[in-house]
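Residue-level structure breakdown
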Amino acid sequence: MITVANRIYVNPEYHDAFEARFRERAGLVDGMPGFIANHVLRPTRDGDPFVVLTFWESREAFEAWTTSDAFRQGHARSGTLPKDAFSGPNVLELHEVVAR
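Residues numbered from 1 in each chain as written. Predicted model: local features only at pLDDT ≥ 70, side-chain atom pairs only at ≥ 80, totals over all residues. Heavy atoms only, no water.

The chain carries the name Antibiotic biosynthesis monooxygenase in an unreviewed UniProt entry, which gives Deinococcus actinosclerus as its organism.

Below you can see the structure in the form of structure tokens.
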């Protein structure tokens, strides 16, 4: 199993809009082979990023998602927030789960 953590730096005045985007997400990832779960984590300290954390059965399953039509459709509205909503570039991290 792997996790994919997308750390996204969002300016405080856009937190509500950013969270709403995930509450209203298309949900296309939910039906992908190898997908386990999706969690959106809100920062508790100023300046820390949101973390969009997904769990996958394998790296191959995650990579199949990123090259799928469903991925392109699901991320089509990712540009709906203005550039000034973000205080820096996102950081994508992949980790293998070694203990549960």
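Let's pick the thread back up.
Brief notes about the nonpolar core
Among the nonpolar cores identified, the biggest contains 10 residues, and these are I2, V4, V29, M32, F35, W56, A61, F62, W65 and A70. Ignoring anything within four residues of it in the chain, the contact list for F62 reads I2, V4, W56 and L94. (Core = buried A, V, L, I, M, F, W, Y, C linked by side-chain atoms within 4.5 Å. Buried < 20%, exposed > 50% of the residue type's maximum accessible area, 1.4 Å probe, protein only. Contact = heavy atoms within 4.5 Å.)

With respect to the sheet that holds strand β4 (residues 91–96)
A sheet is described by the order of its strands in space; here four strands give the open sequence β2-β3-β1-β4, paired in antiparallel fashion. Of all strands in the sheet, those with a lone pairing partner are β2 (35–41) and β4, marking the two edges. Each strand axis lies, on average, 15° off the axis of its neighbour in the sheet, ignoring direction. Pairing between β2 and strand β3 (residues 50–56): six bridges, direction antiparallel. Residue V40 lies in a different strand from β3, and its bridge partner there is V52. Contacts from helix α1 (residues 15–23) reach β1 (2–8), β2 and β3 within the one sheet, and its direction differs from that of β3 by about 15°. (Pairing = 2+ DSSP bridges. Helix = DSSP H or I, 4+ residues; strand = E, 2+ residues; numbered from the N terminus. Axes fitted to C-alpha atoms, helices over the stretch in contact; angles between N-to-C directions.)

Here's the deal with the packing of aromatic side chains
How two aromatic rings sit relative to each other is given by the distance of their centres and the angle of their planes. Counted according to the given criterion, the structure contains five aromatic pairs. Look at W56 and F62: their rings are 5.8 Å apart centre to centre, the planes differ by 65°, and that puts the pair in the edge-to-face class. Neither residue differs from the other here; W56 and F62 are each classed as buried. Between W65 and F71, the ring centres sit 5.2 Å apart and the planes meet at 80°, which makes this aromatic pair edge-to-face. Relative accessible area serves as the criterion here: at 23%, F71 is assigned to the partly exposed category. Taken together through their ring pairs, the aromatic side chains of F18, F22 and F50 make up a single cluster. (Phe/Tyr/Trp six-rings, centres within 6.5 Å; stacked < 30°, edge-to-face > 60°.)

Concerning the pattern of salt bridges
Applying the stated criterion across every chain yields a total of six salt bridges. For the salt bridge of R7 with E93, the shortest nitrogen-to-oxygen distance reads 3.0 Å. On the criterion of sequence distance, the pair formed by R7 in strand β1 and E93 in strand β4 is long-range, its members being 86 residues apart. For R7, a relative accessible area of 27% translates into the label partly exposed. As a salt-bridge pair, R59 and E63 come within 2.8 Å of each other at their nearest N and O atoms. Of this pair, R59 and E63 both sit in helix α2 (residues 59–66), four residues apart, roughly one helical turn. Among the ionic contacts, a cluster of salt bridges with common partners joins E19, R23 and R42. (Salt bridge = Lys/Arg side-chain N within 4 Å of Asp/Glu carboxyl O.)

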